[in-house]
Amino acid sequence: MKANLKNKQGYHLVIEHTKKGDIFRVRTSFRDDNNKSTSRNCGSLGLVSDFIEKYKDNYLEEANKQGEALYEEWKKDYYGSSIISLSNSRDVEEDNIYYSAQLYLRSIWNKLHLPEFFNQLKKDMKGKWKYDLDELLFFLTSVQIINSCSKLSAFNSMNKYLIVPQKKTLDSLYDCLDAVAENVDAINNYTYKNVKKYLAKNSDLFFYDVTTVNLSQSVGENAIIGFKKGKEGIYGPVIQIGCVCDQWGLLVGLYIFKGSRNEQSSLQEQVERIFSTKFKSVVICTDAGLCSAKNKRYLEQKFKGYIMTQPLSVKKVNKTIRDWAIDTPFDNVNKTKDQIIAEYEELIKEEKDQEAKALYNKTFYKSRWAICEAKIYQDDNKKEENSILSVSESKGNTPSLKDIDSTSFEVPKSKNYKKVEYSQRLVVSFSLKYYYSQHNELMKDKEKALDAINNKSDIYSKSSKDYRRFVDTKKITSDGEVAEEIASSFLQDKFDLEEKLCGLYCQATNLEDASSDIYRYSRNRWQIEYAFRTAKTFQGFGNVYLHTINHIIGHFEICFLAQQILKVLTYKIYKEVGYEKCELGKREKINDTLIDEGDFTMDKIIEELSSLKVCKLKDIDGREVLTSVRGKNEINIAMASAFGFSLTKESMHLPELLKKVK
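Because the structure is a prediction, the values reported are computed rather than measured.

Caption draft 1: Quick peek at the overall build of the protein chain. When you go through the protein chain residue by residue, the secondary structure sums to 21 helices and 21 strands. In the protein chain, which comprises 662 residues, the proportion classed as buried is 49%. For the protein chain, the share of sequence-separated contacts (at least 6 apart) that also reach a separation of at least 24 residues comes to 65%.

What follows is the structure, encoded as structure tokens:
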């Protein structure tokens, strides 16, 4: 064999003597994973004489050109397949199983240009940070999506992940929380801006809500930790988290404040952090817990307006207004609630299923302007009380909140509270679907309440959300003495009122849009509830065992970032399967065809990401090979199509996969 004619990058072109004559052959040399020098034949190009005859003086140039092409083809085939020696005497070690879904998450992370942002953030720290902030944050974020756990557990399980920080200590993970906590607003603003651009989704409708999170009983009160009874009825340390998302469910901002504070005052503080200037096209939508005249006035002055849930069962809504909501006809059908129910039941009786189904899925609306009164207390921690005095066809002479001077909301020191009168619009909707759902739950509560009374059960505490609200207990006699037996009775009037309100839903707003649009806007408020539920179930928003303020804030910001990445991934899958115009989890008509997200819920996507694993083996040449331990299914096929590579192949090479996520 003659010496090689030309040494190209990665291969050699040599002339080899054979019985048929001299031929061009392409060879390559490399060091394997054991650092042992080895060589391979990539293939032959043909006789040298044929090249000379065909290409004359340019035969070497052409041979090298064809040799390079042959080498590239060989490389694709060689690195795309492997020969692995298996044995029935060896077990698969747990240490060789890795979470592979990080590769999809890293692809999104890079597409949102987060490495550039966090690298710049590290530079701005001017040498205070010696670790790779981008690597650490990506690792913590991916862990919160794939297998949410504590920082200690994440550190101890680093050997289960394909992509881990090169330099890592347990202290570096906790220090990372401090760095994040100091830059929460900057991270959220940058991420939301890039997510909107990447997904090409804009929004003028935003939702704000607050949730409480229990902390470890060992922590004490500080600037963000307060003590109060949570929704589970347990008194202990809690914090409150205010969150803003848009109509697509994309997270905009996060605000953590003291658990014992009144949540109503948090809205203005959070919105100020996100929207630095006035946006006359933006509408903010909240639930009843944030419904206050101060919040409404702020939103009316800075934005297009507000939509807030207005309960009809509270004492401050007088009988006249309640009767209007219950007994007057709806604008789009000119029928009352009772007439609609009677019509539906008649259709069911006559077995007119198609007409009954159409009526069942329809929503009915009516609206009126209302004169309201706000009772504002001097103590900011005391919730403001709003009552509705009357309704009318037109707005009337009562001023809107934006026209009322701020001094009207200042309570003199000599008084505990002050009353302010203003006008707003009430939009009431009714749906048979919600009516029967709520009515069934109401009847179950009635049955439980009657059973408790008949069994003489002692009702220790009452809740507005369970059957005990219908039970009246008396533990003293009419003479004021302690009774030997507890006397319980059923509150029929309270039950009758709730039964009349089943299926009715009321919104307070300053907007003059169509009632159907107001209802549609407010109906999307479940996006923020969906975000909280997903975070608490899958992403570490449950019980938290951190103690310092920065560590707590940093932890929740990483959870927030994890859910944002997850939502981007979900929308990529939606686009791939034809649901591009759908909002997360929503059922819609596209091209007159009713579609359902089916298996593509965020819950099932998280489950699939946690199940995507690979086993790391070595082939006969000593190279590391990844082989999937997860079979194909509808979700991971959609993921593979969306990202351009599959993680369920029999043979994969990590360096090649990492090139695809850049």
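Moving on, there is more to tell.
Caption draft 2: Spotlight on the sheet that holds strand E5 (residues 97–99). Taken together, the three strands give an open sheet; going across it, the order is E5-E20-E21, and neighbouring strands pair in antiparallel fashion. Edge positions in the sheet fall to E5 and strand E21 (624–628), since each has one partner strand and no second. Averaged over all adjacent pairs, the angle separating strand axes in this sheet is 40°, with direction ignored.

Caption draft 3: Highlighting the environment of Pro399. Inspection of the secondary structure assignment puts Pro399 in the loop between strand E13 (385–392) and strand E14 (417–431). Judged by its relative accessible area of 35%, Pro399 falls in the partly exposed class.

Caption draft 4: Quick look at the packing of helix H4 (residues 114–124) against helix H8 (residues 184–199). Where H4 contacts H8, the two axes come as close as 11 Å, and the packing angle between them is 155°. One finds that H4 runs roughly antiparallel with respect to H8. Between H4 and H8 lies a crossing whose hand is right-handed. Across the interface between the two elements, Leu114, Phe117 and Phe118 of H4 pack against Ala186, Ile187, Tyr190 and Thr191 of H8.

Caption draft 5: Main features of the pattern of salt bridges. Within this structure, the stated rule accounts for 16 salt bridges. The closest approach of N and O atoms between Glu441 and Lys444, which form a salt bridge, is 3.7 Å. Here Glu441 pairs with Lys444, and both are found in helix H14 (residues 432–454), just three residues apart, close to one helical turn. When its relative accessible area of 44% is taken as the criterion, Glu441 is described as partly exposed.

Caption draft 6: Structural detail: helix H18 (residues 549–577). In this model H18 runs 43 Å from its N-terminal to its C-terminal C-alpha over 29 residues, within 8% of the 42 Å that 1.5 Å per residue would give. With 24 of 29 residues buried, H18 lies mostly within the body of the structure.

Caption draft 7: Geometry of the state of the cysteines. Taken as a whole, this structure holds zero disulfides when the rule is applied. Of all cysteine sulfurs in the structure, the one in Cys291 sits closest to Cys506, which takes part in no disulfide; the separation is 9.4 Å. Take Cys506: its relative accessible area is 3%, and that puts it in the buried class.

Caption draft 8: View of the nonpolar core. Residues Phe118, Ile239, Phe556 and Leu569 are the most contacted members of the largest nonpolar core, which totals 173 residues. The element that contributes the greatest number of residues to this core is H18, accounting for 15 residues. Discounting chain neighbours no more than four positions away, the residues touching Ile239 are Thr211, Thr212, Val213, Leu215, Ile224, Ile225, Ile256, Phe257, Gly259, Ile552 and Phe556. Formed by twelve residues, the second largest nonpolar core is a distinct cluster that contains Tyr11, Ile15, Val26 and Leu45.

Caption draft 9: How the structure looks around the environment of Val317. Here Val317 shows up in the loop between strand E11 (303–309) and helix H11 (319–327). Once the C-alpha coordinates of Val317 and Cys372 are considered, the two residues, 55 residues apart in sequence, prove to be 9.6 Å apart. Excluding residues within four positions of it along the chain, Val317 makes contact with Gln310, Pro311, Leu312, Arg322 and Ile388.

Caption draft 10: The arrangement of H14 in detail. Taking 1.5 Å as the rise per residue, H14 with 23 residues should run 33 Å; its terminal C-alpha atoms sit 33 Å apart, in good agreement. Among all positions of H14, only Leu432, Tyr435, Tyr436, His439, Leu442, Asp445, Ala449, Ala452 and Ile453 are buried. The N-terminus of H14 is capped by Ser431, whose side-chain oxygen sits 3.2 Å from the backbone nitrogen of Lys433. Following H14 by one or two positions, Lys456 adopts a phi angle in the positive range, close to 55°.

Caption draft 11: Quick look at unusual backbone geometry. One non-glycine residue with positive phi stands out, namely Lys56, at about 55°. Examined against the element boundaries, Lys56 turns out to sit in the loop between helix H1 (48–55) and helix H2 (59–80). By relative accessible area, which is 55% here, Lys56 ends up exposed. At Ala200, a residue that is not glycine, the phi angle is positive and equals roughly 55°. Overall, Ala200 belongs to the exposed group, its relative accessible area being 65%.

Caption draft 12: Examining the packing of aromatic side chains more closely. For the structure on display, the rule yields 27 aromatic pairs. Relative to Phe118, the ring of Phe117 lies with its centre 5.3 Å away and its plane at 75°, an arrangement referred to as edge-to-face. When its relative accessible area of 15% is taken as the criterion, Phe117 is described as buried. Following the ring pairs from residue to residue traces out a cluster consisting of Phe330, Tyr344, Tyr360, Phe364, Phe430, Tyr435 and Tyr436. Above the face of the Trp248 ring, Lys201 is positioned so that its terminal group lies 4.0 Å from the ring centre.

Caption draft 13: Structural context of the packing of helix H5 (residues 133–146) against helix H7 (residues 170–181). Between H5 and H7, the least distance of the axes is 10 Å, while the angle of their chain directions is 95°. Regarding the angle of H5 to H7, the classification is roughly perpendicular. In this structure, H5 contributes Leu133, Leu136, Leu137 and Leu140 to the contact, and H7 contributes Ser172, Leu173, Cys176, Ala179 and Val180. Looking at side-chain class alone, the contact of H5 with H7 contains eight nonpolar, one polar and no charged residues.

Caption draft 14: Expanded view of the confidence of the model for the protein chain. Here the protein chain averages 82 in pLDDT, and 85% of its residues register 70 or above. Here residues 1–8 is a poorly scored stretch, pLDDT under 50, and it has 21 contacts once near neighbours within four places are set aside; other chains count. Confidence over residues 587–597 falls short of pLDDT 50; this stretch has 21 contacts with residues more than four positions distant or in other chains.

Caption draft 15: Expanded view of the environment of Ile341. Relative to the assigned elements, Ile341 resides in helix H12 (residues 337–349). For the pair Ile341 and Leu432, spaced 91 residues apart in sequence, the C-alpha separation works out to 7.2 Å. Residues within four places of Ile341 in sequence aside, it is in contact with Phe430, Leu432, Tyr435 and Tyr436.

Caption draft 16: Spotlight on the side chain of Thr286. Relative to the helices and strands, Thr286 resides in strand E10 (residues 279–286). The exposure class of Thr286 is buried, given its relative accessible area of 0%. For Thr286, the contacting residues outside a window of four places in its chain are Tyr208, Leu267, Ile307, Met308, Thr309 and Arg525.

About the criteria used
Residues numbered from 1 in each chain as written. Predicted model: local features only at pLDDT ≥ 70, side-chain atom pairs only at ≥ 80, totals over all residues. Heavy atoms only, no water. Helix = DSSP H or I, 4+ residues; strand = E, 2+ residues; numbered from the N terminus. Buried < 20%, exposed > 50% of the residue type's maximum accessible area, 1.4 Å probe, protein only. Contact = heavy atoms within 4.5 Å. Pairing = 2+ DSSP bridges. Axes fitted to C-alpha atoms, helices over the stretch in contact; angles between N-to-C directions. Parallel < 35°, antiparallel > 145°, perpendicular 65-115°, else oblique. Left-handed = near helix turned anticlockwise from the far one by under 90°. Salt bridge = Lys/Arg side-chain N within 4 Å of Asp/Glu carboxyl O. Expected span 1.5 Å × (residues − 1). Disulfide = S-S within 2.5 Å. Core = buried A, V, L, I, M, F, W, Y, C linked by side-chain atoms within 4.5 Å. Polar contact = N/O pair within 3.5 Å; in protein donor to acceptor, adjacent residues only side chain to side chain. Phe/Tyr/Trp six-rings, centres within 6.5 Å; stacked < 30°, edge-to-face > 60°. Lys NZ or Arg CZ within 6 Å of the ring centre and 35° of its normal. Nonpolar A, V, L, I, M, F, W, Y, C, P; charged D, E, K, R; others polar. pLDDT = per-residue confidence, 0-100.

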